[in-house]
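Summary of structural features
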Amino acid sequence: MQDQDGPLVAKAVYSYLFRDGRQPQATDAAKALHLAVKELKERNVPYERWIPFIHMGI
């Protein structure tokens, strides 16, 4: 993971999980990560920088 990508991905994930003042739900984790990686792709980040982000679990 590139140093500049970590904060962006973390911000995007947690912004989605805590959207509208909600309590985070484990079932939203995969979508939150998907949206964060999508943001990297929209910024034309090379795939080598977004492929390390995977979701395992619920």
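Okay, so let's go over this structure. Predicted model only: the values in this text are computed from it and were never measured.

A few points about the packing of helix α1 (residues 5-17) against helix α2 (residues 29-42)
As a packed pair, α1 and α2 sit with axes 8 Å apart at the nearest point and diverge in direction by 135 degrees. As the angle between them shows, α1 and α2 are arranged oblique. Read as a crossing pair, α1 and α2 show a hand that is right-handed. Judged by residue contacts, Asp5, Leu8, Val9, Ala12, Val13, Tyr16 and Leu17 of α1 engage Ala29, Lys31, Ala32, Leu33, Leu35, Ala36, Glu39 and Leu40 from α2. The class makeup of the residues in the contact of α1 with α2 is 12 nonpolar, no polar and 3 charged.

A short note on the nonpolar core
When a protein is soluble and globular, its nonpolar side chains tend to lie buried together. Among the nonpolar cores identified, the biggest contains 13 residues, and Val9, Val13, Ala32, Leu33, Ala36, Leu40 and Phe53 are the most heavily contacted of them. At 6 residues, α1 tops the list of elements feeding residues into this core.

Some remarks on α2
Across its 14 residues, α2 extends 20 Å between first and last C-alpha, which sits within 8% of the 20 Å expected from 1.5 Å per residue. Taken as a whole, α2 has its buried residues at Ala32, Leu33, Ala36, Val37 and Leu40. In an axial view of α2, the angular spread of the buried residues amounts to 130 degrees, which keeps them on one side of the axis. Along α2, the residues that are exposed and aim more than 90 degrees away from the buried face are His34 and Glu42.

Criteria and cut-off values
- Residues numbered from 1 in each chain as written.
- Predicted model: local features only at pLDDT ≥ 70, side-chain atom pairs only at ≥ 80, totals over all residues.
- Heavy atoms only, no water.
- Axes fitted to C-alpha atoms, helices over the stretch in contact; angles between N-to-C directions.
- Helix = DSSP H or I, 4+ residues; strand = E, 2+ residues; numbered from the N terminus.
- Parallel < 35°, antiparallel > 145°, perpendicular 65-115°, else oblique.
- Left-handed = near helix turned anticlockwise from the far one by under 90°.
- Contact = heavy atoms within 4.5 Å.
- Nonpolar A, V, L, I, M, F, W, Y, C, P; charged D, E, K, R; others polar.
- Core = buried A, V, L, I, M, F, W, Y, C linked by side-chain atoms within 4.5 Å.
- Buried < 20%, exposed > 50% of the residue type's maximum accessible area, 1.4 Å probe, protein only.
- Expected span 1.5 Å × (residues − 1).
- Arc of directions from axis to C-beta.

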